[in-house]
Amino acid sequence: MSRLLSAAALLLLAACPPAPAPDVVPSSPKLVDFDSQVKPVLQTRCTPCHFPGGVMHERLPFDRAQTIHDLGEKLFTRIKDEQEQALIRSFLAQAP
Ligand code: HEC
């Protein structure tokens, strides 16, 4: 009887997919970096007004990640490029 049980247990084990080894687990997706990825896009498109010296820098400074988090999807009324929107969306999805 116990032999039968262990045989059944072995079969069950064999049916399970092997657990991935710890070093094979894919690393989490790369975080979007504000300074090196998001800011350059804004800098290209929204200069000079929202950058130092511009008329909107005091109210809406785009060299600060916080402004971008606060505005969220409102930015997309002025940023229409899909890739740029996707980048900013991933950035917004991250913790501030
Ligand atoms: C020529 C100067 C200038 C440029 C370039 C500029 N802005 Fe602005 N922006 C302003 C001014 C002035 C205001 C405030 C008056 C208003 O609301 O239109 C403003 C306000 C805003 C607001 C808040 C008002 C709203 O509609 O909710 C957002 C968001 C904004 N800008 C986004 C952008 C983005 C994104 C870019 C670049 C793609 C950009 N702006 C480029 C001058 C500029």
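Residues numbered from 1 in each chain as written. Predicted model: local features only at pLDDT ≥ 70, side-chain atom pairs only at ≥ 80, totals over all residues.

Q: When you look at the site of the ligand in this model, what are you seeing that I'm missing?
A: Residues in contact with the ligand amount to 13 residues; listed here are only the nearest, Arg45, Cys46, Cys49, Met56 and Arg78. The residue inventory of the shell around the ligand, partitioned by class, reads eight nonpolar, two polar and three charged. (Near = placed C-beta within 6 Å. Nonpolar A, V, L, I, M, F, W, Y, C, P; charged D, E, K, R; others polar.)

Q: I tried to follow the packing of helix H2 (residues 34-46) against helix H4 (residues 82-93) on my own but got confused; where do I start?
A: A packed helix pair is summarised by two numbers, namely the angle formed by the two axes and the spacing between the axes. For the pair H2 and H4, the least separation of the axes is 10 Å and the interaxial angle reads 135°. The angle between H2 and H4 places the two elements in the oblique class. In the crossing of H2 with H4, the sense of the turn from one axis to the other is left-handed. Contact residues: H2 offers Phe34, Gln37, Val38 and Val41, while H4 offers Glu84, Leu87, Ile88 and Phe91. Considered class by class, the residues forming the contact of H2 with H4 number six nonpolar, one polar and one charged. (Axes fitted to C-alpha atoms, helices over the stretch in contact; angles between N-to-C directions. Helix = DSSP H or I, 4+ residues; strand = E, 2+ residues; numbered from the N terminus. Parallel < 35°, antiparallel > 145°, perpendicular 65-115°, else oblique. Left-handed = near helix turned anticlockwise from the far one by under 90°. Contact = placed C-beta atoms within 7 Å.)

Q: I tried to follow the environment of Val41 on my own but got confused; where do I start?
A: Relative to the assigned elements, Val41 resides in helix H2. Classification of Val41 by C-beta neighbours within 10 Å gives partly exposed; the count is 19. Separated by 43 residues in the primary sequence, Val41 and Glu84 have C-alpha atoms spaced 7.3 Å apart. Contact partners of Val41, with chain neighbours within four places excluded, come to Glu84 and Leu87. (Buried ≥ 20, exposed ≤ 12 C-beta atoms within 10 Å, placed from the backbone.)

Q: How should I be thinking about the nonpolar core in this particular structure?
A: Soluble globular proteins tend to bury their nonpolar side chains together. In this structure, Val38, Leu42, Phe62, Ile68, Leu75 and Ile88 together form the largest nonpolar core, which totals six residues. Setting aside residues up to four positions removed in sequence, Leu75 forms contacts with Ile68 and Ile88. (Core = buried A, V, L, I, M, F, W, Y, C linked by C-beta atoms within 7 Å.)

Q: Would you take a moment to explain unusual backbone geometry for this structure?
A: Both trends apply: most residues other than glycine have a negative phi, and most peptide bonds are in trans. Thr47 connects to Pro48 through a cis peptide bond whose omega is 0°. Its location among the elements puts Pro48 in the loop between H2 and helix H3 (65-71).

Q: I keep staring at H2 and nothing clicks. Help me out?
A: Owing to its 3.6 residues per turn, the α-helix brings residues three or four apart onto one side. With 13 residues, H2 extends only 15 Å from end C-alpha to end C-alpha; this falls clearly short of the ideal 18 Å at 1.5 Å per step. In H2, a bend of some 30° at Pro40 exceeds every other bend along the element. (Expected span 1.5 Å × (residues − 1). Bend = angle between axes of the 7 residues up to and from the residue.)

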